[in-house]
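Structure assessment
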Amino acid sequence: MAYFDVIGKEKLEVWGMIADKDAVRVHAGDQREESASSEIRAESAYIDAAASDAADQSEDSASASAGGSGSGSTGNLLGKNDLGTRETGPKQPRRDQYPSTSFGKQQRSFQYKWFESFDWLEYSLSRNSSHCFSCKLFGKHNPRASKDALLSTEGFNNWKRALDSYREHEASAVHKSSILAWKNYRATLTEGDVVDQMNVGNSSQISERREYLRRIVAITSLLGKQGIAFRGHDETSSSLNQGNFLEVMKLLETFDPFLQNYQAPSHSTYLSPALQNSMIECCADEVTATIVEEIKASEMYAVMADEASDGHVEQLAVCVRYVTADGGVKERLLELVTLKGLNAQCISDAIENVLESNGLNDLLCVTQAYDGASVMSGSVSGVQARFREKHPEALYVHCYAHELNLVLCHTCRAVPEASDLFETLESVYCFFSVSIVNHQRFSDVQMLLGLKKSELVQLSKTRWACQVKSVRAMLNNLPAVLKCLEESAVGLLSKLSRFSNVYLLVMFRSMLSTTEGLHLYLQKDSVDLAQATLFKDAVLDTLKSIRTNEMADKLYNEAKHIYDANNICESHSGRRHKQRVMEDFTIESTLGTRAHLGTEDQLKQTLLYPCLDRMVTELNSRFSDVGAELMRGIQACNPAAVDFFCEDSLELIATHYKMSLKKEEILVAKQFLSRRKREGAVSDMGSVYKLLHPDMFPTLSSVVQAALTIPVSSCTCERSFSVLRRVHTWLRRTMGQERLHHLAIMAVEKDALCGLDHGEDIDRFAQVKPRRYPLVLKGQRSKERSKKQ
């Protein structure tokens, strides 16, 4: 007996009434056929009303047929699954009346209010059954083996005991587990998967740790920049002085609300000595990485090296000079290494190892600059010769500052009287500095005479320009010195009372002041070789110009004024010694006594002219290590030179460094720079390089860059040793070489250290080794790596 026709895809698939086997049975018999037929007719009208809801989930057509005779039989009504999915959630259709089922003499049906009590409950129109949404999709069970009808494929439709069954199912362990899984799934839709949720949960903690480490990095940078010790003798909690690092950390915590509220784990405070060293290493490595990155962007560099004694160890400072992208010239300390030997092979190997470890071997090394020691400057087996075997283009430049210091030292020994003068100055310095009584007497006399309180200056062969400072200090304090020497140093007083020595003081103050400006200029790291040569020539011409009678008269009159103003009385008579008869001996020179020089002509011919001639000769013979031809090319890059941008001169430097130079670029550059020169934009070689855009003048800018990269001196190495004396004091002699190198980098390269981002230091610190707690999110780390690449 058929009551249904086929419903199209736009309508509901025919549902089959599946009755509970205890309540509805299919029987054969004509006596109940009529009741079953009327029940199905009533429910077919309900199917038509619900067709629009089920059409969205139905894709195939359905057919309905009812056959057989028997009481309560609806036939086998088949259809598509119309339950909820993971995306839609539980299917809870709202109807005024749901299909009813006979339970004996009573008709019962599903109730909509059950959805309000059980949010996991869903209803199938096609099956007229209820299901547990969470257990169906998220439960860990076997629906076929389960006795719970809510977990079965057919579902639950015993409406007579529905509420009791729902409550029993809700209390089961299987259901609770599925509810938890369902909630976690919904959380992943809004907050991401489990890994993302863990990262989000850890991001706040990682941000707090990084903010805490920023304070530690800042303190490390401060102490390293200032060259201050980190550790203390007693770092226990009861100590009154736990060391600079911990004391600064405590001071910062006093004023920093973040540190006051942040509680670091006891095993991850990052304050231990080992982690302090690790943070120092990260800061120094970040500075070195920045320097190496700038050198590689420049594509050429010059190497400078010098060694110095540090206790019982020989330290080699390896520095580099390069031109940055914005046209600035920088000289940086690259590494501080310990020498295993003082021969040329050990020093050259140490320099090569430093360059190789930093990845600079493949770049063009234009110059090598050292001092004039034979082990460094030897042209056969010295360091410069061995270095040129691997870097043939690297010219050797003798440090101009060292050379000028040698000029001054040789000038001060040009005549015996000059040597005696500086020996006397050193003796006077020792007389007042060694004895506390004499020094106090000197200070009292200064105050009594109304002189400005100042100290005498010690002479040293390695301390540049100390001669002019010592001479000035003696002339400024001459009244006080003579007053003090009258009481207890008659021998020194007699030497200073000579008019020739007063004349030498005035003469050397004038001569050494002429070279003082050049000495200071050569110690700058931004000076170029062409400009330094022009300044040296200017000093040389000035010294030649003062070799006149007018200058001699001026010096004599000034010395005479000082001599008379201090009431100096020179005694010519001395103790007579019996002349010894030296038979069979030839006396070439006498010692001790000198011929009396009192007239102006004697002083001029014996003291002034010999010293001036010696200084001029020394200046002419030195400062020519680069070579005349290459020096022409370097000077052609200087806008102050006569042959500025001369094609033949520029070709000399381009040929040496194997660069191709286009003539057309020179012609265009001359026209361009001539206009800018009238505007005042062209002053030196650095300004020329900044104006030559590499896209417009690719070959010419490379030539000027090479000339600008050539160093004038190795003063950067000397400055590194000055910092080393402040860092490696006798209180810090137990530190190792690696830590000393890192602290030296931080103390020398202060500007590079201050320019670093603390976040980069923390990232490097996090990557040194696996940490107990993460310091960088994986996504953030991958983004940072991609940016650097």
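In this text the structure is predicted, and so the values were computed from the model without any measurement.

1. Here we look at the overall build of the protein
Along the protein, the regular secondary structure elements total 32 helices and nine strands. Once local pairs closer than 6 in sequence are excluded, the contacts in the protein between residues at least 24 apart make up 73%. When the accessible surface of the protein is totalled, it reaches about 41,300 Å², and 50% of it is carbon and sulfur.

2. Topic: the sheet that holds strand β9 (residues 395-398)
Spatial strand order, β7-β6-β5-β8-β9: five strands in an open sheet with mixed pairing. On the outer flanks of this sheet lie β7 (329-338) and β9, each paired with one strand and no other. Averaged over all neighbouring strand pairs, the angle between strand axes comes to 25°, with direction disregarded. Strand direction decides the pairing type here: strand β5 (residues 300-310) and strand β8 (residues 364-370), joined by five bridges, are parallel. When the sheet's bridge partners are listed, Y301 is paired in β8 with C365. Along the sheet, helix α28 (residues 715-727) makes contact with β5, β6 (313-323) and β7, crossing β5 at roughly 40°. Strands β5, β6 and β7 of the sheet are contacted by helix α29 (residues 737-748), whose axis makes an angle of about 165° with β7.

3. Things to note about the confidence of the model for the protein
Per-chain confidence: the protein averages 82 in pLDDT, with 81% of residues scoring 70 or above. Within the protein, helix α9 (residues 273-298) carries the highest mean pLDDT (95), whereas helix α1 (residues 33-54) carries the lowest (38). Here residues 781-789 is modelled with pLDDT under 50, and outside its nearest four sequence neighbours on either side it reaches three contacts, counting other chains as well.

4. Some details on the pattern of salt bridges
Following the criterion strictly, the structure yields 22 salt bridges and no others. One salt bridge in this structure joins K250 and E247, with 3.8 Å as the shortest N-O distance. In this pair, K250 and E247 are both assigned in helix α7 (residues 244-255), three residues apart and thus about one turn of the helix distant. By relative accessible area, K250 is classed as partly exposed at 39%. A relative accessible area of 23% means that E247 is categorised as partly exposed. Salt bridges sharing partners connect three or more residues here, namely E211, R215 and D256.

Reading the values: rules and limits
Residues numbered from 1 in each chain as written. Predicted model: local features only at pLDDT ≥ 70, side-chain atom pairs only at ≥ 80, totals over all residues. Heavy atoms only, no water. Helix = DSSP H or I, 4+ residues; strand = E, 2+ residues; numbered from the N terminus. Contact = heavy atoms within 4.5 Å. Areas by Shrake-Rupley, 256 points an atom, 1.4 Å probe, with all protein chains shown as cover. Pairing = 2+ DSSP bridges. Axes fitted to C-alpha atoms, helices over the stretch in contact; angles between N-to-C directions. pLDDT = per-residue confidence, 0-100. Salt bridge = Lys/Arg side-chain N within 4 Å of Asp/Glu carboxyl O. Buried < 20%, exposed > 50% of the residue type's maximum accessible area, 1.4 Å probe, protein only.

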